[in-house]
Amino acid sequence: MQPNAAVTTMDFAPGSELDPTFALKMAALEVQVGALYDLMPFGTYTVSDDGTCTHINHQALVWIGCSRDAILGKTCPVGTLAAENWQVLKRGEKQLRQGLLAEIELTIKDETGHGRPMGLRLKDVDRAGESSRRHCFVLFDLTETKRTKALQRIAAMAFESEVGICVTDNHGWVLETNHTFARITGYSNEALRGRSLFSMISLEGNTHLEADIRARLASHGVWEGEIRERRKGGEVFTAWLSVSAIADRADAGTYFVVWLYDISANNTPQDEISQLAFYDSLTQLPNRRKLNMRLSEILTVKTNSSLHGALLFIDLDNFKAINDTRGHAAGDQLLIEAGRRLRHAVRGSDTVARVGGDEFVVLLSTLVADPVEATHQATLVGKEILTRLAKPYKLDGFIFNCSASIGISLFSHADLEADVLQQADMAMYQAKRTGRNSLCVFDLEMKEAISAYSNLEQELGQAVHRDELELFFQPQCNFDGRIVSAEALLRWKHPTRGLIGPQEFITIAEESGLILPIGLWVLSEACKQIKVWDSDAIMKDIQIAINVSAGQFKQPAFVDEVIEVIVGSGIDASRIKFELTESMMHSIDETRVKMEKIRELGVRFSLDDFGTGYSSLSSLIQLPLEQLKIDQSFVSHMLSRPGDQIVVKTIIGMAHSLGLEVIAEGLETEDQKDFLQSHGCSLYQGYLFSPALPAYQFFALVQSQDH
Ligand code: C2E
Ligand code: MG
Ligand code: MG
């Protein structure tokens, strides 16, 4: 409570030279006014120019903490607390007397040491007949004012929460709304003021809502429920409404306080949102985003230690096969199980994340300082993971085997620049190339090899247009050495590196997808060659075998493209033989349908590199195959390794019993040919006859044979 600053001062100087009767009256008045002042709820005191206290009322004495005798007529009260408070007042008085402020705030202490906020005002008084001025001060307690202001601030903050809040009178007329309420409803706070809450929420279907709410408020003081409300733009939305009836303490009536939650717009709780944003919904492992956060946390935290961390990039080797053969539900089961095995293979403090379809990352955050030892530790963890992941997966009534390839990249905490994830990814690809179920640690040499690889990939992309590719032809001969057909083998006439063999670039083409345009080019080039040979009496019977990559074959457009090229070229399609590999035999039905469509044209099929894959007898029977091609690895060792000899003999026997032709590749010696011939193999290909030759040389070779 603020006093009126225009307080009449009452300071009666003793010993004035007035009429004695008048003086007596004045003294009596002085006592009366003094008593009156002592009843005031604020403090007041007067000091003369020299700082002597000439008057002080009761409330001021209580607050300052001294008796009237201890201060009256003195410049400073007796007693520590009172003296300290008096000094505070003196400092305040000084500021007021400088005339800068009409009122100042200060804090004086009570006997418990607790500070009390006070306001101090000054009223200077010039008294007639006196040379010196009197300074009258009014002191008032600010405790309550400050508390109310703080409460108002808190209420305002609470009011502006993320929940829509609206206060109405007890008729439902809106008095006040917060910004969230305005945002949800689409109206401004001004536009909402004076509107009827019940008209806003009583949409079709809930016309009794107002009566329901009032009844419930009367019996329970609160109503809660789901409502449908219309936004300003007309859109109807679902909200959770909570209404409380609050009686004013000053008995000014009842208010309704309304809380509004928009559950149609965002009904996902915060933790669910973060679960979706940072965790993989299938395995519940952290996702790539979370992993990156964790990684940058580790890399940016400046630690004194030089401990190494390692990132293991893990890719399942034949995951695609399970999706293709057993469906996505089985694939999902396998991923969940793989994630579980990974979690169990590492410490709780390490991070296991799923970063792609069948790709996982393990982040080992603390290893030893010595890089060699750290590499050793990370490799041990990698090996353990390989062992665990390679164990058979028991999935819904069947067992599936699936190994993994791991790339490891080491990093130190000082290593801010390193793209650890990309390096581990590169190392993983290297592991895949060197054979599955293996791991590879990233090093600088690998970085160079990889950049060379990506350069080559770029150049290969232009090779087709720049006419740098060429087909070579390797003869395929019958038992008496006569060339009956040729395998078309790709060569790349690189502008600076000379002739490059397919071993160096077919994998790049397959991984980059370039194999699709390249494969089409090979087919159309072979067709052109056949067309050219058609005009020659000796060449017109020569067939061409063409290698087809799995990536090409699985393209949905493969069949149509093949038909278009072959039919468009106008050649006899039976002059073409496609060499497929056993990796294409996974989705047997799909493969068969595609093969049959192409077979209808007249094209034949051979199964290349036979014996190195896992094709089953049943798949061989189902497919429209013409020929099995014994892989050169068996041929080259069959005379020295009894095991390979058995494989070769078995393949030949099997081919015969299935009614298939059999050809052996990689023949280098007469002995090999004799052995194969004696066991019933009738077609041969290899350096024994000729390496792959440019078309004109192949032409000359065929012409040179005795016809
Ligand atoms: P492939 O289809 O198994 O081809 C046989 C490979 O063995 C050829 O290597 C051939 O030159 C080589 N070779 C033939 N006779 C002998 C021999 O007596 N001794 C030895 N040591 N090797 C022999 P090349 O030309 O380097 O081709 C390698 C692979 O590249 C091929 O294996 C094939 O898978 C792939 N390839 C070649 N051309 C194409 C193509 O146009 N498209 C596709 N998708 N792949 C191709
Ligand atoms: Mg081949
Ligand atoms: Mg082969």
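Reading the values: rules and limits
- Residues numbered from 1 in each chain as written.
- Chains lettered and ligands numbered in written order.
- Predicted model: local features only at pLDDT ≥ 70, side-chain atom pairs only at ≥ 80, totals over all residues.
- Heavy atoms only, no water.
- Helix = DSSP H or I, 4+ residues; strand = E, 2+ residues; numbered from the N terminus.
- Buried < 20%, exposed > 50% of the residue type's maximum accessible area, 1.4 Å probe, protein only.
- Contact = heavy atoms within 4.5 Å.
- Areas by Shrake-Rupley, 256 points an atom, 1.4 Å probe, with all protein chains shown as cover.
- Donors = N, O, S within 2.8 Å, 3.2 Å for Na, K, Ca; no water.
- Core = buried A, V, L, I, M, F, W, Y, C linked by side-chain atoms within 4.5 Å.
- Near = heavy atom within 4 Å.
- Polar contact = N/O pair within 3.5 Å; in protein donor to acceptor, adjacent residues only side chain to side chain.
- Nonpolar A, V, L, I, M, F, W, Y, C, P; charged D, E, K, R; others polar.
- Phe/Tyr/Trp six-rings, centres within 6.5 Å; stacked < 30°, edge-to-face > 60°.
- Lys NZ or Arg CZ within 6 Å of the ring centre and 35° of its normal.

This paragraph deals with the overall build of the chain. Within the chain, the secondary structure is distributed over 26 helices and 27 strands. Burial statistics for the chain: of 707 residues in total, 44% are counted as buried. Here the contacts in the chain between residues at least 6 apart in sequence split such that 58% fall between residues at least 24 apart. Roughly 36000 Å² of accessible area belongs to the chain as shown, and the carbon and sulfur atoms make up 54% of that amount.

In this section: the coordination of the magnesium ion (ligand 2). Around the magnesium ion (ligand 2), the protein supplies Glu487 (OE), Asn547 (OD1), Glu579 (OE) and Asp608 (OD) as donor atoms, at distances of 2.0 to 2.3 Å. Taken in sequence order, the residues that donate to the magnesium ion (ligand 2) follow the motif E-x59-N-x31-E-x28-D. The two metals, the magnesium ion (ligand 2) and the magnesium ion (ligand 3), are separated by 3.9 Å and share Asp608 as a common coordinating residue. Taken as a pair, Glu487 in strand β19 (residues 483-494) and Glu579 in strand β22 (residues 576-580) lie far apart in primary sequence, 92 residues in all.

Taken together, the protein ligands of the magnesium ion (ligand 3) are Asp608 (OD), Asp609 (OD), Glu665 (OE) and Glu665 (OE), with distances of 2.0 to 2.6 Å. Within one chain, the residues serving as donors to the magnesium ion (ligand 3) are arranged as D-D-x55-E. Its relative accessible area of 26% is what places Asp609 among the partly exposed residues.

On to the nonpolar core, then. If you look at the biggest cluster of nonpolar residues, it comprises 75 residues, and the most contacted ones within it are Phe578, Leu580, Ile630, Leu676 and Phe698. Setting aside residues no more than four positions away along its own chain, Leu580 makes contact with Val548, Phe553, Met585, Met595, Phe605, Ser606, Leu607 and Asp608. Core analysis: the second largest hydrophobic core is formed by 34 residues, Leu312, Ala338, Phe360 and Val381 among them.

With that settled, consider the site of ligand 1. Around ligand 1 lies a shell of 22 residues, among which Arg491, Asn547, Gln632, Glu668 and Tyr687 are the nearest. Within the side chain of Glu487, a nitrogen or oxygen atom sits 2.9 Å from an oxygen atom of ligand 1. One of the backbone nitrogen or oxygen atoms of Leu490 is found 3.1 Å away from a nitrogen atom of ligand 1. Calculation on ligand 1 without its partners gives an accessible area of 780 Å², and the protein chains cover 84% of this total. Counting residues per element, the ones that place at least two in the shell around ligand 1 are β19, α17 (502-512) and β23 (604-610). When residues in the shell around ligand 1 are grouped by element, the largest group, four residues, is from β19. A per-class count over the shell around ligand 1 returns seven nonpolar, eight polar and seven charged.

Among the residues making up helix α12 (residues 319-326), those that are buried are Phe319, Ala321, Ile322 and Asn323. Residues of α12 that are buried make contact with β11 (308-316), α13 (328-345), β14 (393-395) and β15 (398-400). Positive phi shows up at Gly327, right after α12, with a value of about 90°.

Mapped onto the secondary structure, Ile544 falls in strand β21 (residues 543-547). When its relative accessible area of 0% is taken as the criterion, Ile544 is described as buried. For the pair Ile544 and Cys527, spaced 17 residues apart in sequence, the C-alpha to C-alpha distance is 8.8 Å. For Ile544, the contacting residues outside a window of four places in its chain are Phe473, Ala486, Ala488, Ala526, Gln529, Ile530, Trp533, Arg575, Ile576 and Lys577.

Under the definition given, this model contains 11 aromatic pairs. Ring centres of Phe558 and Phe578 lie 6.2 Å apart, and the angle between their planes is 45°; on these two criteria the pair is classed as tilted. Linking Phe558 in helix α20 (residues 558-569) with Phe578 in strand β22, this pair joins segments that are 20 residues apart in sequence. Residue classification places Phe558 among the buried residues on the basis of a relative accessible area of 5%. A relative accessible area of 2% means that Phe578 is categorised as buried. Site record: aromatic cluster; members linked through ring pairs are Phe553, Phe558, Phe578 and Phe605. For the cation-ring pair, Lys594 lies above Phe553, with the distance from its terminal atom to the ring centre recorded as 5.5 Å.

Honestly, it's all geometry; don't read function into it.
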